[in-house]
Structures are given as structure tokens and as C-alpha cells.
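# Structural description and commentary
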Amino acid sequence: MSPRGHGPERARLDEDARRDRNWRRFGPYLAERQWGTVREDYSAGGEVWSYISHDHARSRAYRWGEDGLLGITDRECRLCFAFALWNGADPILKERLFGLTGPEGNHGEDVKELYYFLDATPTFSYARALYKYPQAAYPYAALVDENRRRSAQDPEFELEDSGVFEDDRYFDIFVEYAKADPEDILIRLRCVNRGPDAAALHVLPTLWQRNTWSWGRSNEGYWPRGRIEATRGGWLAEHPSLGRYRLAFDAADGSEPRFLFTENETNAERLYGAPSATPYVKDAFHRCVVDGDEAAVNPDRYGTKAAAWYALAIPAGGEVVIRARFTSDEHPDSGPFDAAFDELVRQRRAEADEFYATYRGAPLDEDERNVARQADAGLIWSRQFYHLIVDHWLDGDPTQPPPPATRRQGRNREWRHLWARDVLSMPDTWEYPW
């Protein structure tokens, strides 16, 4: 984008371009899907869809990136934030998008979720998105079975066709991000019950560190394990490269969240029947919230993955707002949830309105401008962290089982020169995460 005009967002873009202030350090760079991708495939024959499936994703530490629901991370994907959901009926904690793999869909791979990018400024000083979550059990098996049954000439069986949205029995989860400055990010989750009856909703805003320490490498990008620990009203996260950050939480609907901690490590026992490197593993929050396994989370309240568990009861047509604030530890404490919090979110939203009012020079009516603005938001939300060092991918890692010999005769063997760790604009962040 090459914005026209003046105003606060133009000034932020100029500051960022001059490297006076790093407004783009944090943004929507968290992948929509890391499971079932070529980068994470270490199979003998290139079975990319089955090597890390959606079912395995909650239990296995990723090698090259991270994913989550409408989340944010820094430009090198060191410290990640997203939210997880549970409606009390699902078989799994909803931590990431679900979809059909290539062999499962009658028209190939396809995400089977409802989510929308509503707004975003180029510096991500303001952003807004929506995720629609059914109150009934998510129809994972029905989506797979029915689409597998259909032929290529038949239409796809979509989430809306399953009946889970009947009688408006679903939640709208609106997420807003507003930057007070590059190191001070306000987060607002508005959870709306669209249904005719009161309904339970568990919301888990989650902060975690990408696993860069388990692979036996120590050169650039392979940082040692950091730490996230409980403090008064929130957490202190310390990353060896990024530094120290705080994440504070407000009470929601009068109730304080319960803090859960674990490690971003593979649950080898569940996946392979082998001992895990730690008793506290990646899928601990699913096991605690959905399965009621209290031993899954670290009672000493630290780890490399943390969640604030809000157990909400939302009346019919009602809503609950969850507020959080992510700041550098060096940032002055300004009272994270005083009256200025919501005012600053409104201010950043107004500045986004001002920016887009002058951004498009062509004569457009109001509806056309709204369409263009949401399309621009989609482009901004589709900036993704992409990491792959083909040499390391082909040869394997010192602390992991060696790749099969067929690896060197297969995919990417002629791309040993590729060394990537950057933010890219993805054409379709779920279907083509390369």
C-alpha cells in the first residue's frame, strides 16, 4: 500500500519507514494453518496431510511456525497470542481452524470454518475480525464423511449445511487489537450469544513461545527455551531474543480468569506411546478444560504456554467483553484497564476511518468503499510468518530421528539454497500456506 493524505496512521507509517519506531514488529503474522503443510512433513513418501493431521496438531510441537485463531505474533514468530474456545459440547478445545485435507474434500482441501477479516490499518494499529462458533458440538466427522462421499460434480458440504447454526444458536467472537504504541497492544474480545437461550462459553486467551529449542541446533533463530510465569493480574513472558513482556487481564462479567501453564512440547505419549520430554505438554489445556485432567497443567504456574481460562454463562442475546493488555516490561504501568482503555480503542478505530476516507482516490460510493476497505483488511490480515531452511529440513535435526533416505530424492531436493524467515503476503492463508 502507498497511502495518500496525512493523519495519525500516515505518521505511523512514516515513523516505521524511517525506523524511528517499530510499529510493525507485532502484527497478524500467526499462520492460519501449520498442520498438514509441506514444511512440517517429515514422512518417507511425502504424506503431507497425514504426517501432522488436525488431530495431531494439538499434541505435537511444530518445527517451522505456529497457528491460532485470529492471533498475532512478532515478525520472527517468537511470542504468539491467540484465543481458544470451548462450548461444553465439542470433543476438542478449539485452538485452530479445521478443514478438509486434499484427499478428504470432494473439491480438494478447504477450510470449514466461518471467520471474517473486518478491518485493519497497514501498521496494525487497529484491527478487527470475527469468528463464528456454534453452540452445538462441532461436526468434524460429518464434514469429513459427507464431503468424502460426494463426487467432484457435487457441491461441497459446508459448515452451514450441517445445521449447527439453526435457530441462531452460535456465538459471534469479535477480536479487536489497538496499539497505544508499538510495545503496548490493547486486546478486546467481545463474545455475543446470538441464540434464544443462555449458553456456556469457555474462552482461553493464550500466549506461547514458538518451540525453537528442541531441535539440537544453536545457530541464528534457534533460541533457548524462555519462560512465562504468573504475576499479579497476569503474566511475565521472557524470551531470550525478544525480551520481557507482560500480559494483563481484566475481570470479565465480574469473574477473574484461572491461569493455566504448560510447555510447548510434543505429547509423545499420546502420539507415539513413548515418554514425553516433560510432564506438561502442548495439549494440556485441552486435557484440563475438556477432559477435566488437572494433572495436565503445571501447578507451579510457569511454562512456555499460558492461558487465561474464562468460564462464562452468556444470556440469550447478551454479550461479555474480555480485555487484555500486552506490553513491554519496560513500558510504564498506566493502569491497564482504566477508563482510557476503551477510549483508545475507539480512537484507533476513528483513525482507521480517517485513513481509509482518504486512501482511495477513485470515486466510490459508501458501499464500494466498505467493500474495498474490507478487501484491504484481508490483505493485511494475510501477512504471515514463513520459515523454512531447506538444508535443515532435508537433513533433519540432531535431536530428532534422522529423515528417511528417500527424503533426499524427493520434494525440495534442488532447493538447498532456500533460507527463509520473514513475513510474506499469502494469497490464501489456509489453502496455500506453502
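Structure shown above.
The notes below deal with the structure included here. (Residues numbered from 1 in each chain as written. Predicted model: local features only at pLDDT ≥ 70, side-chain atom pairs only at ≥ 80, totals over all residues. Heavy atoms only, no water.)

Turning to helix α1 (residues 8–17), its buried residues number three or more, namely Glu9, Arg10, Arg12, Leu13 and Asp16. Down the axis, α1 shows its buried residues gathered within 160° of arc, on one side only. Close packing links the buried residues of α1 with α7 (340–359). Following α1 by one or two positions, Arg19 adopts a phi angle in the positive range, close to 65°. (Buried < 20%, exposed > 50% of the residue type's maximum accessible area, 1.4 Å probe, protein only. Helix = DSSP H or I, 4+ residues; strand = E, 2+ residues; numbered from the N terminus. Arc of directions from axis to C-beta. Contact = heavy atoms within 4.5 Å.)

The next subject is the side chain of Asp67. Within the secondary structure layout, Asp67 lies in the loop between α3 (54–57) and β2 (69–74). The exposure class of Asp67 is buried, given its relative accessible area of 2%. A distance of 3.0 Å separates the side chain of Asp67 from the backbone nitrogen of Gln34, its partner in a polar contact. Residues within four places of Asp67 in sequence aside, it is in contact with Leu30, Ala31, Glu32, Arg33, Gln34, Trp35, Tyr62, Arg96 and Trp208. (Polar contact = N/O pair within 3.5 Å; in protein donor to acceptor, adjacent residues only side chain to side chain.)

Along the chain, the position of Tyr42 falls in the loop between β1 (26–27) and α2 (48–51). A relative accessible area of 16% places Tyr42 in the buried class. Residues Tyr42 and Ala377 lie 335 residues apart in sequence; the distance between their C-alpha atoms is 34 Å. Residue contacts for Tyr42: discarding those within four places in its chain leaves Tyr51, Arg63, Trp64, Trp393, Pro404 and Arg407.

This brings us to the packing of α1 against α7. Pairs of packed helices are described in terms of their axes, by the angle between the two and the distance that separates them. The contact between α1 and α7 brings their axes to 8 Å, and the two run at 90°. Classified by the interaxial angle, the pair formed by α1 and α7 is roughly perpendicular. Contacts between α1 and α7 involve Pro8, Glu9, Arg12 and Leu13 on the former and, on the latter, Arg348, Glu351, Glu354 and Phe355. (Axes fitted to C-alpha atoms, helices over the stretch in contact; angles between N-to-C directions. Parallel < 35°, antiparallel > 145°, perpendicular 65-115°, else oblique.)

Relative to the helices and strands, Ala295 is located in the loop between α6 (284–289) and β15 (302–303). A residue is classified by how much of its surface remains accessible, and Ala295, at 58% relative accessible area, is exposed. Separated by 70 residues in the primary sequence, Ala295 and Asp365 place their C-alpha atoms 58 Å from one another.

Take the sheet that holds strand β10 (residues 199–209) next. Overall, antiparallel pairing links the six strands, which are arranged β1-β2-β3-β10-β16-β14 in an open sheet. Edge positions in the sheet fall to β1 and β14 (258–262), since each of these pairs with one other strand and no more. Bridge analysis of β1 against β2 gives two bridges, and the strand direction is antiparallel. Following the sheet pairing, Gly27 is matched in β2 by Thr73. (Pairing = 2+ DSSP bridges.)

With respect to topology, nine strands assemble into an open sheet ordered β6-β7-β8-β9-β17-β13-β12-β11-β15, the strand pairing being antiparallel. Only two strands of the sheet have a single partner each, and these edge strands are β6 (114–120) and β15. Bridge count for strand β8 (residues 170–181) against strand β9 (residues 184–193) is 10 bridges, and the pairing is antiparallel. Its bridge partner lying in β9, Ala178 is registered against Leu186. Running over the sheet, α7 touches β6, β7 (126–134), β8, β9 and β17 (319–328) and is turned about 85° from β8.

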